4 protein chains.
Amino acid sequence: MYAIVKKSPKPGAEITTLDTPRTREGEVVVKVKAASLCGTDVHIWNWNQWAQNRIKKFPMVFGHEVTGEIVEIDQNVTSLQEGDIISAETHIVDGTCYQCRTDRMHICQNLKILGVDTNGVFAEYFALPERNAWRNDPKLDPAIASVQEPLGNAVQAVLPKDNTEDIAGKDVAILGCGPIGLMAIAVLKELGAAKILATAGGFNEIRMELAEKMGADMVLNAREEGKNVVKIIRDLTDGKGVDVALEMSGAPAAVKQTFEIVTPGGRVSLLGLFERPVELDLNDALIFKGVTVYGITGRRMFQTWYQVKGLLANSRFKEKIGWIITHRLPMRDIAKGIDLIKSKKAGKVSLEPKW
Amino acid sequence: MYAIVKKSPKPGAEITTLDTPRTREGEVVVKVKAASLCGTDVHIWNWNQWAQNRIKKFPMVFGHEVTGEIVEIDQNVTSLQEGDIISAETHIVDGTCYQCRTDRMHICQNLKILGVDTNGVFAEYFALPERNAWRNDPKLDPAIASVQEPLGNAVQAVLPKDNTEDIAGKDVAILGCGPIGLMAIAVLKELGAAKILATAGGFNEIRMELAEKMGADMVLNAREEGKNVVKIIRDLTDGKGVDVALEMSGAPAAVKQTFEIVTPGGRVSLLGLFERPVELDLNDALIFKGVTVYGITGRRMFQTWYQVKGLLANSRFKEKIGWIITHRLPMRDIAKGIDLIKSKKAGKVSLEPKW
Amino acid sequence: MYAIVKKSPKPGAEITTLDTPRTREGEVVVKVKAASLCGTDVHIWNWNQWAQNRIKKFPMVFGHEVTGEIVEIDQNVTSLQEGDIISAETHIVDGTCYQCRTDRMHICQNLKILGVDTNGVFAEYFALPERNAWRNDPKLDPAIASVQEPLGNAVQAVLPKDNTEDIAGKDVAILGCGPIGLMAIAVLKELGAAKILATAGGFNEIRMELAEKMGADMVLNAREEGKNVVKIIRDLTDGKGVDVALEMSGAPAAVKQTFEIVTPGGRVSLLGLFERPVELDLNDALIFKGVTVYGITGRRMFQTWYQVKGLLANSRFKEKIGWIITHRLPMRDIAKGIDLIKSKKAGKVSLEPKW
Amino acid sequence: MYAIVKKSPKPGAEITTLDTPRTREGEVVVKVKAASLCGTDVHIWNWNQWAQNRIKKFPMVFGHEVTGEIVEIDQNVTSLQEGDIISAETHIVDGTCYQCRTDRMHICQNLKILGVDTNGVFAEYFALPERNAWRNDPKLDPAIASVQEPLGNAVQAVLPKDNTEDIAGKDVAILGCGPIGLMAIAVLKELGAAKILATAGGFNEIRMELAEKMGADMVLNAREEGKNVVKIIRDLTDGKGVDVALEMSGAPAAVKQTFEIVTPGGRVSLLGLFERPVELDLNDALIFKGVTVYGITGRRMFQTWYQVKGLLANSRFKEKIGWIITHRLPMRDIAKGIDLIKSKKAGKVSLEPKW
């Protein structure tokens, strides 16, 4: 089969042929119908420090956001059948550790990520454990179905636990308008947030426009406004600050603003990843204000998938998610897709199985 | 001043004059700009069994849903001033009991209800403790501002606690389409519920139409469908039942359906009041299914008021709440308003201070 | 192998020989080291209405509370090995339904119970799915290890969800002092409850004595005290009632008391099963008081097992659980054990693999 | 009256006479029966940077942990009477801001602290708003009653919200064994924590001994063990880390350890205050592990006071809290008490009204 393969530890990748995977115990083999590019794929393509530390075996196929059709099935698999249209939950877990047995398997002690620690989905076919297959409505656009995985991250950032304080009628800020930030805005709008206030890193008009279309009441250019961001958001929230602040950028300046704009007793979700340690005044940021902070990684399995399914049942919401997919390219043009993302000219880039 | 007064323990009431109330310690006196009729007012008018047991002192002024302007203020009041446009939280609490001191003052051990246990708002003026005044945006339509109180009940039914399981992407049923049931549908739609399935008692076309306009995906006539209700709702939810069921009718048949349609591990809010004890198979209804049940009365002070304010900031939602107010009558026509409600020809009836 | 077998649909059972079970896919075979009698076993022995409705295939082996040693292992089993000493989580689940995929597999839509819907543990050997095996510290007394399953029920009743209001410093009532009620008292004492007030059905001195030894501050004889129970408990809690009430008896009178003694805004767990529907005044019991009710069945998998393990690490607590096991009989004397329970002369009866 | 007074902005204080305070509106005047020294009092005595920034008006009386008898009462006070023995909740709040009206008045937007922003309790008499008086059992030792305030902080650190994950059967670490850390250990032991693992800054034998007496399973000398702390705690928790970690030291090294030893999905409470900003690797500390962090300040009003009351009802717990009070001195010997704390030779120092 064709696949986008990293043959050695260096930037880029090449399209080549590999043996089609066969099911091992408890697995299905899936024919790709749509995939999409994630920031992680760009890191692997660029071969940045994180990728060099993490990926050791070659050749490897990357990519993990995907929709496909099951074409082969191991005899031990009972809940799926050939022809099912599925998307992939990308956290491959052991199912037996303390975390897996206490309702948080998305942070399994022996976590593997599809397309990072195993062969991924930028290929004609890929293998997947039964547990990781999420059966879709076959009528759902495969491109939209493939972004349910990052959409689940957005839901996780908005509602990290069942016992999360609610969002309805509350003021919320989103710092960073990458695809997951944009999705979070759409989710917040759907959940009845009162004021939705976003900041974007600047030089990214497409994303600022999308943020407004997702439902943000205001989108601030963080680069232009600089330190005014805190004052503007406080003024827009009767001086009290926002009830919930979502840090989606990984920028040290933004994380500080996050804690400055949250109201005492409010909550913060940290999802953006940071290139290096961040210096924080914990007293003022967190302690004197009695703030709660949630670290966000992955998405609860499979609570968030049901939530995403329920939200996508609303045509208004589904349409918005479609808008975030600004480009649909053939798989063979992955380099072009990577460039679009790096030059900040895209929302989400979807790849079609055209080789 | 003019007031609608119950002079003795019998049905009806009369419009007469009373001394205008003056502030006692910690109180304000408010000039009525809009009031609205609640089912409780109909009970008091009808002088039903509950009213006979509860109300002992005459003459009494009833009515509690209200918007007005502060015209007099006790010297000990610090957070309000003359000219403020306020609505009334109707639960008058002691502020010192166990419940008041542990974040649930709406179920104070010494609870008094405005217009039930004290003189109410169907008058030109009424007195109110400082704590019970909620300051409105003066631009908000007084009729809509006066129904924030039952709207708070709807929010309380949907989100009984901060730690309530979320609604977004979940399937929800509402049994009973009185004004609070209708408001709950609008709230659920705003919060991103997936399927919103309502039942109405039948013979009430206005409310069934309103339920659809509020956002219900389906409105079943409970009288016509009878026992099919459970099957229909199960079929519409992939056989699993709804995640959340709100009992808003006070009908014994409906409470049984409520427990039949909720999915294992789901939750139920009981808000409708029952005329007599109800027989329940607790094993099947609750225990084997691991269901959580919340008794709903009043609304958390003042968490729900902030949530209502935030929701009303959305013009789409505010417009819907306006639709529920099907009639606006002068205060002197209260008898006509009572009749409209009893003959099921109204959503919510608003009263204007025209005497 | 020897087994206690119900050969036909009638009361009693007989000791006979059956083929030793062999592992099917994903299973282990376990050699019994200790088992214990549950109320369910008495129902099956007595062949009551519930048993007649539920059990249709014969011959069947019953019993489900157990400790044993793994002696055979299917090749697909990865997390266990021969020689492991395990206890059984008795809820056999499909792992793929909505409930299983949203952190509440103990109420799986396709739930089977070990020893009820499958062959059980009153035998020399039994087969068990990998997921249902809980690995014990091999030094733990097998009799105590076998009652971890009902102890998990007690934990589930005390802490039904992660987001349960806490117990520390709160007043709690337990209505019903069967083995799970007794265990709940011990758990509550361990969790720092302030006042622990128990009621027992009467004619059961052993259990009333055990309730005190578990840590109850007062044990009321429900039969003698009758309607005074409510007044006594109110007086002991400064008139406010208990913060948490656990209904463990299945007696209609007790469930009414449960709702009368709980403070407004408090919570109730219902675990006892009722022989017939119960009539409840929902207004006064639940709604006006804003009470939360949890239906309790089984125990969260495997959150409660970790909690039980952590509690048993405390020697004081482990000793108490040992006291509840009032009798240790050879398996062949099961009839005597059943009689002890029916005549209310036992706490928990443990069975040893002596044939 | 006699009082310990800071007359000017410099280190130390002097005993002198001041006018006895009289009640203003809504206040009571209290005669001191016992007070205790808090770290904040040492900062004020030492006149450190924080104190210089915060305290501007002189003369000022400091001290805030207290028990006393009400001797004068304003006419507007309704819930208290002369002769009541009370302790002081030290957070003086406005009662009307967003935080006060949404169940978190301990982080009021206009918070004042007794004995910091107002005249305090190291005097013969002090004035207190009605809301801040907590009525004690008159039989409770005044010295113990006066440390209910920091004990509430310990409860708040252990159970920051009603919806906190439970402690029973879980492993917990406490980093820092000052008085609140010690109290937290006693609380955790009372709540059924499985393993309680503490670290102390070293050079403080009294506190390490007290930590063991409070119920710690192990007390590590952080200075001696250095980087081994993380490994030791991981080894003692089956490699998984602790479920809950309480940072009570304010030491940058400890906060890093806190995040290293907490299990994925676990939670952290930050109570210790830091002298300067701390550098944190947010990715590894928080995000990849899906950790929840609670900033802890003050104590929920008055949820924690009820919890403390309930815990002190247990004589075993009350005795332990008594052990923490290692010294009882006359008020006139405050300088000696300050020295005992600075030289790390005391647990808690109680002051008696002897002048």
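Positions within a chain are numbered from 1, following the residues in the order the chain's sequence is written. Chain labels run from A onward and ligand labels from 1 onward, assigned in the order the entries are written. Reporting in this predicted model follows two pLDDT cut-offs: at least 70 for local features of residues, and 80 or more for side-chain atom pairs to be given and counted; totals over whole chains, interfaces and linings ignore these cut-offs and use all residues. Side-chain calculation: all heavy atoms of the structure are included, whereas hydrogens and water are not.

(A) Up close: the overall build of chain A. Runs of E in the DSSP output that reach at least two residues are strands. Runs of H or I that reach at least four are helices, and both are numbered from the N terminus. Helix and strand content of chain A: 13 helices and 19 strands. In terms of principal-axis extent, the alpha carbons of chain A reach across some 60 × 40 × 40 Å. Classification of the 355 residues of chain A by burial places 64% in the buried group. Considering only intrachain contacts with a sequence separation of at least 6, the fraction spanning at least 24 residues in chain A is 68%. Method for areas: the Shrake-Rupley scheme with a 1.4 Å probe, in which residue coverage is limited to the protein chains shown. A total of about 12900 Å² of accessible surface is found on chain A, and carbon and sulfur atoms cover 48% of it. Between the averaged position of the 45 positive side-chain charges in chain A and that of its 44 negative side-chain charges there is a distance of 2 Å. When accessible area is computed with a 1.4 Å probe and restricted to protein chains, residues below 20% of their type maximum are described as buried, those above 50% as exposed, and intermediate ones as partly exposed. Contacts are assigned to residue pairs with any non-hydrogen atoms lying within 4.5 Å of each other. This count recognises Lys and Arg as positive and Asp and Glu as negative, with His and chain-terminal groups excluded. Charge positions come from single atoms, namely NZ of Lys, CZ of Arg, CG of Asp or CD of Glu.

(B) View of the interface of chain D and chain C. Taken together, the contact pairs 23 residues of chain D with 23 residues of chain C. Here the quantity called buried area is the accessible surface, traced with a 1.4 Å probe, that two parts lose on coming together, added over both. Both sides of the chain D and chain C interface together cover about 1600 Å² of buried area, and 49% of this is carbon and sulfur. What counts as a salt bridge is simple: a side-chain nitrogen of Lys or Arg found within 4 Å of a carboxyl oxygen of Asp or Glu. In this assembly, chain D and chain C are joined by 2 salt bridges. Note that K309 of chain D and D238 of chain C form a salt bridge whose closest N and O atoms lie 3.7 Å from each other. Counted as a polar contact is a pair of N or O atoms within 3.5 Å, where, for protein atoms, one must be capable of donating a hydrogen and the other of accepting one, and residues adjacent in sequence contribute only when both atoms are in side chains. Remark: the boundary between chain D and chain C carries 2 residue pairs in polar contact (both at pLDDT 80 or more).

(C) Focus on the packing of helix 4 (residues 148-158) of chain B against helix 5 (residues 179-190) of chain B. Residue and element names in this part refer to chain B. In this description, a line fitted to the C-alpha atoms serves as the axis of each element, helices being fitted only across the stretch in contact, and the angle between N-to-C directions of two axes falls anywhere from 0 to 180 degrees. Running from N to C, helix 4 and helix 5 point in directions that differ by 60°, and their axes come no closer than 8 Å. In terms of orientation, helix 4 lies oblique with respect to helix 5. For the element pair helix 4 and helix 5, the recorded crossing hand is right-handed. When helix 4 is examined against helix 5, the residues P150, L151, N153, A154, V155 and V158 are found in contact with a partner set consisting of I180, M183, A184, V187 and L188. Here the word oblique covers every angle except those under 35 degrees (roughly parallel), over 145 (roughly antiparallel) and from 65 to 115 (roughly perpendicular). Note on convention: near helix rotated counterclockwise from far helix by under a right angle means a left-handed crossing. Clockwise means right-handed.

(D) Focus on the interface of chain A and chain D. Contact residues are listed per partner, giving 40 residues for chain A and 40 residues for chain D. Summed over both sides, the interface between chain A and chain D buries roughly 3400 Å², with carbon and sulfur atoms accounting for 57% of that surface. Of all residues in chain A, Y98, L282 and I287 of chain A give up the largest surface area on contact with chain D, accounting jointly for 16% of the area buried on that side. Along the contact surface separating chain A from chain D lie 0 salt bridges. Inspection of the region where chain A meets chain D yields 15 residue pairs in polar contact (both at pLDDT 80 or more). Of all elements in the fold, only strand 15 (262-270), strand 16 (278-280), helix 10 (282-287) and strand 17 (292-295) of chain A reach the threshold of two or more residues within the side of chain A that touches chain D. Ranked by residue count, the leading element in the side of chain A that touches chain D is strand 15 of chain A, at 5 residues. Classification convention: Asp, Glu, Lys, Arg as charged; Ala, Val, Leu, Ile, Met, Phe, Trp, Tyr, Cys, Pro as nonpolar; all other residues, Gly among them, as polar. Residue classes in the side of chain A that touches chain D are distributed as 19 nonpolar, 12 polar and 9 charged. Both strand 16 of chain A and strand 16 (residues 278-280) of chain D contribute to a ladder of 3 bridges, which runs antiparallel. Any two strands with at least two DSSP bridges between them are considered paired.

(E) The relation of the copies chain A and chain D, seen in detail. Turning chain A through 180° and shifting it by 0.0 Å along the axis lays it on chain D, with an RMSD of 0.0 Å. Both chain copies can therefore be described as sitting about a two-fold axis. Among all residues of chain A, the minimum C-alpha distance to the rotation axis is found for E279 of chain A, at 2.0 Å. Superposing the copies works by least squares over the C-alpha atoms of residues that have pLDDT at least 70 in both of them.

(F) Fine view of the packing of helix 5 (residues 179-190) of chain A against helix 12 (residues 315-324) of chain A. Residue and element names in this part refer to chain A. Packing of helix 5 against helix 12 brings their axes to within 10 Å, and their N-to-C directions diverge by 165°. Taken together, the axes of helix 5 and helix 12 lie roughly antiparallel to each other. Taken as a pair, helix 5 and helix 12 cross one another with a handedness that is right-handed. Along the contact surface, helix 5 presents L182, M183, A186, V187, K189 and E190, while helix 12 presents R316, F317, K320, I321 and I324. By residue class, the composition of the contact of helix 5 with helix 12 is 7 nonpolar, no polar and 4 charged.

(G) Spotlight on the relation of the copies chain D and chain C. When chain D is fitted to chain C, the residual RMSD is 0.0 Å, and the transformation amounts to a turn of 180° plus an axial shift of 0.0 Å. Both copies share a contact surface, since 100% of the interface residues of chain D are interface residues in chain C too.

(H) Examining the packing of aromatic side chains more closely. Pairing of aromatic rings covers Phe, Tyr and Trp, the last through its six-membered ring, and needs centres within 6.5 Å; plane angles under 30 degrees mean stacked, over 60 mean edge-to-face, and all others mean tilted. One pass over the structure, following the stated rule, counts 28 aromatic pairs over all chains. Centre to centre, the rings of W134 of chain C and F302 of chain C are 6.2 Å apart; their planes meet at 15°, and the pair counts as stacked. Of this pair, W134 of chain C sits in strand 10 (residues 133-135) while F302 of chain C is found in the loop between strand 17 (292-295) and helix 11 (303-312), placing the two residues 168 residues apart along the sequence. On the basis of relative accessible area, F302 of chain C is assigned to the buried category, the value being 3%. A ring pair is formed by W134 of chain D and W305 of chain D, whose centres lie 5.7 Å apart and whose planes are at 35°; its orientation type is tilted. With W134 of chain D in strand 10 (residues 133-135) and W305 of chain D in helix 11 (residues 303-312), the pair connects residues that are 171 residues apart, well separated along the chain. In our convention, an over-ring charge means Lys NZ or Arg CZ found within 6 Å of a ring centre and within 35 degrees of that ring's normal. For K240 of chain C, the ring lying beneath its charged end belongs to Y98 of chain B, and the centroid distance is 5.3 Å. The aromatic ring of F302 of chain B is capped on one face by R101 of chain D, whose charged end is 4.0 Å from the ring centroid.

(I) Looking closely at the pattern of salt bridges. In the structure shown here, the tally under the stated rule is 64 salt bridges over all chains. Residue D84 of chain D is joined to R135 of chain D by a salt bridge in which the shortest nitrogen-to-oxygen separation is 3.2 Å. You can see D84 of chain D sitting in the loop between strand 5 (65-73) and strand 6 (85-88) and its partner R135 of chain D sitting in strand 10, a full 51 residues away along the chain. Assessed through its relative accessible area of 45%, R135 of chain D is described here as partly exposed. By sharing partners, the salt bridges in this structure join E89, E149 and R299 of chain A into a single network.

(J) Representation of the environment of W134 of chain B in the model. Using a relative accessible area of 5% as the deciding quantity, one classes W134 of chain B as buried. Discounting residues that sit within four places of it in the chain, W134 of chain B has contacts with I85, I86, S87, Q148, F302, W305, Y306 and K309 of chain B together with R101 of chain D.

As far as function goes, none of this settles anything; it's purely spatial.
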